[in-house]
Amino acid sequence: MPVEPFIRMRGVSKTYRSGKKEHLAISDATFDVMPGELVSLVGPSGCGKSTLLKILAGLHPNDGGELKIGSATHAFDPARDVGMVFQAPLLLKWRRILQNVLLPAEILGLPQKESRERAKDLLALVGLAGYEDKYPYELSGGMQQRAAIARSLVHDPKLVLMDEPFGALDALTREKMNLELLRIWKEAGKTIVFVTHGISEAVFLGTRVVVLTAGPARMADNFEIALPRPRTLDMKTHERFGDYTRRIYRLLGME
């Protein structure tokens, strides 16, 4: 039997209203995300990528079109089934790292003992074993973002949404975090939607790339990245990688 899309989006639109003024943030977003995919959403700043992520997270309703997440046999509850990672780690400075990671489990009222063990396992997965009792200020920016990724996974969500999570990091750390994310994604087996304005990053990470035009967001293209896995930084020098990046540049009017 064919596998159902985990996310099915058809003609989704979103308009913000303030008094008599209206701002069309998304005009027509149409794409699918299959279970276990890591899909990159790429487009210029202000094109509506973050708005689209908020709709997927259940934080904002869409005004038009069709959005279906989950399946008939697996109901989807955004409060329980979404993990979020933002550009800033947003760790609570007065809580130790393990306590920060446990926050979603505490909010959802999940069993304390099992959640604590899962949090420790996730910290080991993201390379932070031994840092459980540190405070955020004792960790580098990249390490803090790893803790934020662990926090997004602690309640075992079905979907992880990442909004330019490495945008504030220096170039070298960002490259390392790209490799780390691919490893974590493979081991955790989650469906991930990754928003970025980095064209190279979108190609390097994604099983597929969805290209959005300048706001209001409209899908310009949606294509598979047929690069072998595991991905290596050396692939960025390959001709096929360059073909994918040039395709996105053309779609965004940058060539």
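Residues numbered from 1 in each chain as written. Predicted model: local features only at pLDDT ≥ 70, side-chain atom pairs only at ≥ 80, totals over all residues. Heavy atoms only, no water.

## Quick notes on the nonpolar core
Here is the rule: By convention a nonpolar core is built from buried Ala, Val, Leu, Ile, Met, Phe, Trp, Tyr and Cys residues, the set being connected through side-chain atoms within 4.5 Å. Buried means the residue's accessible area, taken with a 1.4 Å probe over protein chains only, is under 20% of the maximum for its type, while exposed means over 50%, and partly exposed covers the values in between.
In terms of nonpolar packing, the biggest core is built from 45 residues, with Leu123, Ile149, Met162, Ile192, Phe194, Val209 and Ile248 touching the most fellow members. If you look at the next biggest cluster of nonpolar residues, it comprises 28 residues, including Leu52, Ile55, Ile69 and Met84.

## Brief notes about the packing of helix H5 (residues 141-153) against helix H6 (residues 171-188)
The criterion, for reference: To get an axis, a line is fitted to the C-alpha atoms, and for a helix only the part in contact is used. The angle between two axes follows their N-to-C directions and goes from 0 to 180 degrees. In this description a helix means any DSSP run of H or I spanning at least four residues, a strand means any run of E spanning at least two, and both kinds are numbered starting from the N terminus. Reported orientations rely on four angle classes, namely roughly parallel under 35 degrees, roughly antiparallel over 145, roughly perpendicular from 65 to 115, and oblique for the rest. For any helix crossing, the convention is left-handed if the near helix is rotated counterclockwise from the far helix by under a right angle, and right-handed if that rotation is clockwise. In what follows, a contact means two residues having at least one pair of non-hydrogen atoms within 4.5 Å. Amino acids outside the nonpolar list (Ala, Val, Leu, Ile, Met, Phe, Trp, Tyr, Cys, Pro) and the charged list (Asp, Glu, Lys, Arg) are all regarded as polar, and Gly is one of them.
Between H5 and H6, the shortest axis-to-axis distance is 11 Å and the interhelical angle comes to 20 degrees. If you check the angle between H5 and H6, you find them roughly parallel. As for the relative orientation of H5 and H6, their crossing is right-handed in sense. Counting all contacts with H5, which are made through Gly142, Gln145, Arg146, Ile149 and Leu153, the residues of H6 involved are Thr173, Met177, Glu180, Ile184 and Ala188. The residue inventory of the contact of H5 with H6, partitioned by class, reads five nonpolar, three polar and two charged.

## Things to note about the packing of aromatic side chains
How we decide: Working definition: rings of Phe, Tyr and Trp (its six-membered ring) pair if their centres are within 6.5 Å, and the pair is stacked with planes under 30 degrees apart, edge-to-face with planes over 60 apart, and tilted otherwise.
A full pass over the atoms with the stated rule returns four aromatic pairs. Aromatic side chains phenylalanine 6 and phenylalanine 76 sit 5.9 Å apart centroid to centroid with 80 degrees between the ring planes, which places their arrangement in the edge-to-face category. Pair noted here: phenylalanine 6 is in the segment before strand E1 (7-18) and phenylalanine 76 is in the loop between strand E4 (64-69) and helix H2 (78-81), with a separation of 70 residues, a long-range link. Like phenylalanine 6, the residue phenylalanine 76 is buried in the burial classification.

## Looking at the sheet that holds E4
Test applied: One bridge is not enough; two strands pair if DSSP finds at least two bridges between them.
Spatial ordering of the open sheet is given by E4-E1-E2-E9-E8-E3-E7-E6-E5, a layout of nine strands whose pairing is mixed. On the outer flanks of this sheet lie E4 and strand E5 (82-85), each paired with one strand and no other. Strand-to-strand twist of the sheet, defined as the mean angle between neighbouring strand axes without regard to direction, takes the value 20 degrees. Bridge count between strand E3 (residues 38-42) and strand E8 (residues 208-212): four bridges; the pairing is parallel. From the neighbouring strand, valine 39 faces E8, where its bridge partner is arginine 208. Where helix H1 (residues 49-56) meets the sheet, it contacts E1, strand E2 (21-33), E3, E4, E5, strand E6 (159-163), strand E7 (191-196) and E8, and its direction lies at approximately 110 degrees from that of E1. Its contacts with the sheet place helix H8 (residues 239-251) against E3, E8 and strand E9 (217-224), and it is angled at close to 160 degrees to E9.

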